[in-house]
Amino acid sequence: MAVNPLAEAAGSVGDRWTLQVIAALLDGPKRFNELAEHVEGIAPTVLSQRLKHLGRRCRRRHPLHPAAPRFSYDLSASGKELAGALRL
């Protein structure tokens, strides 16, 4: 049986924190601390889990800090498609 893309997307973002993280990324890439500020009330461990759940496709390493890696997070192509539905 074929997987319904809408059901698959809902399964990926079905909790309130993931939706809020995606909503925070609608305006463009953000670093971890910026996301924590935009998603009010989220614990750092929960934010970290949600970012891992969203996948490595949304994470970019900043080359300016090779000794202490720094990352920013952005929506993947799939996330950007979902963003249109969230804006509605």
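Up top is the structure.
Scoring rules and cut-offs
- Residues numbered from 1 in each chain as written.
- Predicted model: local features only at pLDDT ≥ 70, side-chain atom pairs only at ≥ 80, totals over all residues.
- Heavy atoms only, no water.
- Helix = DSSP H or I, 4+ residues; strand = E, 2+ residues; numbered from the N terminus.
- Contact = heavy atoms within 4.5 Å.
- Areas by Shrake-Rupley, 256 points an atom, 1.4 Å probe, with all protein chains shown as cover.
- Axes fitted to C-alpha atoms, helices over the stretch in contact; angles between N-to-C directions.
- Parallel < 35°, antiparallel > 145°, perpendicular 65-115°, else oblique.
- Buried < 20%, exposed > 50% of the residue type's maximum accessible area, 1.4 Å probe, protein only.
- Arc of directions from axis to C-beta.
- Core = buried A, V, L, I, M, F, W, Y, C linked by side-chain atoms within 4.5 Å.

A.B. asks: If you had to explain the overall build of the protein to someone new, which residues and values would you point to?
C.D. replies: A count of helical and extended segments in the protein gives five helices and three strands. Sequence-distant contacts, at least 24 apart, represent 47% of the contacts inside the protein between residues at least 6 apart. Here the protein has roughly 6,300 Å² of accessible surface; of this, 55% comes from carbon and sulfur atoms.

A.B. asks: Got a sec to walk through the packing of helix α2 (residues 16-24) against helix α4 (residues 44-54)? Specific residues and values, please.
C.D. replies: Two elements in contact, α2 and α4, have axes separated by 10 Å at closest approach and are oriented at 75°. As the angle between them shows, α2 and α4 are arranged roughly perpendicular. Every residue of α4 that contacts α2 at Trp17, Thr18, Val21 and Ile22 is listed here: Val46, Leu47, Arg50, Leu51 and Leu54.

A.B. asks: So, the environment of alanine 23: which residues are in play, and what are the values?
C.D. replies: With respect to the helices and strands, the residue alanine 23 is situated in helix α2. Each C-alpha atom, one on alanine 23 and one on glycine 79, is 9.9 Å from the other, the two residues being 56 residues apart in sequence.

A.B. asks: Explain α4 residue by residue, including any values.
C.D. replies: Within α4, burial applies to Leu47, Arg50, Leu51 and Leu54. Seen from one end, α4 has its buried residues packed into an arc of 100°, which puts them on one side. Structural note: α4 exposes Thr45 and Lys52 on the side pointing more than 90 degrees away from its buried face. Downstream of α4 by a residue or two, glycine 55 has a phi angle that is positive, lying close to 105°.

A.B. asks: Describe the nonpolar core, naming the residues involved and giving the relevant values.
C.D. replies: Counting residues in each nonpolar core, the largest one holds 14 residues, and the members touching the most others are Val21 and Leu35. When residues of this core are traced back to their parent elements, those giving at least two are α2 and α4. Here the element with the most residues in this core is α2; it accounts for four residues. Apart from the residues within four sequence positions on either side, valine 21 is in contact with Leu35, Val39, Ile42, Leu47, Arg50, Leu51 and Leu54.

A.B. asks: How would you explain α2 if you had to name every residue and give the values?
C.D. replies: All of the buried residues along α2 are Trp17, Thr18, Val21, Ile22 and Ala24. Down the axis of α2, the buried set is contained in an arc of 160°. They therefore lie on one face.

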